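Residue-level structural notes
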Amino acid sequence: MEQLKMEAAIEAILFTMGDSVELSQIAAALDVTTNKAQKAMHALMEKYRSEGHGIQIIELEDSYQMCTKKEYYEYLIHLAMHPKKPTLTDVMLETLSIIAYKQPVTRIELEKIRGVKCDHAVNKLVEFNLVRELGRLDAPGRPILFGTTEEFLRSFGVQAIDELPSVDPVKLADFKAEAEEEIQLKLDV
């Protein structure tokens, strides 16, 4: 394997793994001797030491790890202080709207309305602090009741759930008709 290709492969391995990787593992992945892998590693480390690079490769006993240079720490902190807002998928938006209009609601009720499992969507909504557990339903199995949070109200620009737009009765009738048709098609199959 030529030197430049070996360095590029090492770079890809270290970048992808994130954590430290043992030299023997790198050599095995490249199908070269540890001596050859170490030589390529040191050449790559030297390239990153030059100015103009924000990353470096550090040696930790017999392992190597790609990480940022200390002098760029302040930029990373600046970015971390302004985290990216979570993106809601169509599935999560649909689940969130059902929770908002039907709260308090259990997972089973959500799944009955949606027709599919929604564990992942609910977990993500809880993680994004848009939905929270309100308690437990007094029924067999004591299922968890879900409802929206203050963060939900802030994110959607309403002060209370009552301010959510109401569904047009004509559209509601259309939705019900479509749902009944879908159910009938499933029953006929």
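Refer to the structure presented above.
The sections below set out a description of the structure shown in this document. (Residues numbered from 1 in each chain as written. Predicted model: local features only at pLDDT ≥ 70, side-chain atom pairs only at ≥ 80, totals over all residues. Heavy atoms only, no water.)

Re the overall build of the protein
- Counting its secondary structure elements, the protein contains 9 helices and 6 strands.
- In terms of C-alpha radius of gyration, the protein reaches 27 Å, well past the compact-globule figure of 16 Å for 189 residues.
- Along the first, second and third principal axes, the C-alpha set of the protein runs to 70 × 45 × 35 Å.
- Burial status across the protein gives 26% buried among its 189 residues.
- In the protein, the share of contacts with a sequence separation of at least 24, taken over all contacts with a separation of at least 6, comes to 45%.
- For the protein, the exposed surface amounts to about 13600 Å²; the carbon and sulfur share of it is 55%.
- Both charge centroids of the protein, one from 22 positive and one from 32 negative side chains, sit 1 Å from each other. (Helix = DSSP H or I, 4+ residues; strand = E, 2+ residues; numbered from the N terminus. Rg over C-alpha atoms; globule rule 2.2 N^0.38 Å. Buried < 20%, exposed > 50% of the residue type's maximum accessible area, 1.4 Å probe, protein only. Contact = heavy atoms within 4.5 Å. Areas by Shrake-Rupley, 256 points an atom, 1.4 Å probe, with all protein chains shown as cover. Lys, Arg positive; Asp, Glu negative; His and termini not counted. Charge placed at Lys NZ, Arg CZ, Asp CG, Glu CD.)

Points about the packing of aromatic side chains
- Scanning the entire structure with this criterion turns up 2 aromatic pairs.
- Judged by centre distance (4.9 Å) and plane angle (40°), the rings of Phe152 and Phe156 are tilted. A residue pair is termed a helical-turn pair when its members lie 3 or 4 positions apart in one helix, as Phe152 and Phe156 do in helix α8 (residues 150-156) at 4 residues. (Phe/Tyr/Trp six-rings, centres within 6.5 Å; stacked < 30°, edge-to-face > 60°.)

Topic: the nonpolar core
- The biggest cluster of nonpolar side chains holds 19 residues, and the ones touching the most others in it are Leu96, Ile99, Leu110, Leu125, Val131 and Phe152.
- Elements that contribute at least two residues to this core include exactly α5 (90-102), α7 (119-127), β6 (144-148) and α8.
- Counting residues per element, this core draws most heavily on α5, at 5 residues.
- Excluding its chain neighbours within four sequence positions, the residues that come into contact with Leu110 are Thr95, Ile98, Ile99, Val105, Cys118 and Val122.
- Grouped together as the second largest cluster of nonpolar side chains are 18 residues, Leu30, Met45, Tyr64 and Met66 included. (Core = buried A, V, L, I, M, F, W, Y, C linked by side-chain atoms within 4.5 Å.)

Here's the deal with the packing of helix α6 (residues 107-114) against α7
- Their axes nearest at 10 Å, the elements α6 and α7 cross at an angle of 125°. The angle between α6 and α7 places the two elements in the oblique class. Crossing angle aside, the handedness with which α6 passes α7 is right-handed. Every residue of α7 that contacts α6 at Arg107, Leu110 and Glu111 is listed here: Asp119, Val122 and Asn123.
- Across the contact of α6 with α7, the residue classes break down as 2 nonpolar, 1 polar and 3 charged. (Axes fitted to C-alpha atoms, helices over the stretch in contact; angles between N-to-C directions. Parallel < 35°, antiparallel > 145°, perpendicular 65-115°, else oblique. Left-handed = near helix turned anticlockwise from the far one by under 90°. Nonpolar A, V, L, I, M, F, W, Y, C, P; charged D, E, K, R; others polar.)

A look at a nonpolar patch on the surface
- Residues Tyr73, Ile77 and Met81 make up a contiguous nonpolar surface patch of roughly 340 Å² in combined accessible area.
- Within the secondary structure, Met81 sits in the loop between α4 (73-80) and α5. (Patch = residues over 30% accessible without salt bridge, like charges linked within 9 Å, V, L, I, M, F, W, Y side chains within 5 Å. Salt bridge = Lys/Arg side-chain N within 4 Å of Asp/Glu carboxyl O.)

Structural notes on the side chain of Glu7
- Tracing the chain through its elements places Glu7 in helix α1 (residues 3-17).
- By relative accessible area, Glu7 is classed as buried at 5%.
- Leaving out residues up to four positions away in the same chain, Glu7 has contacts with Ala40, Ala43, Leu44 and Lys47.

Looking at the sheet that holds β6
- On the basis of which strands lie adjacent, the open sheet formed by 3 strands has the order β4-β6-β5 and antiparallel pairing. The sheet terminates laterally at β4 (105-106) and β5 (131-136), the two strands that pair on one side only.
- Across 5 bridges, β5 lies against β6 in antiparallel orientation. Bridging across to β6, Val131 finds its partner in Thr148. (Pairing = 2+ DSSP bridges.)

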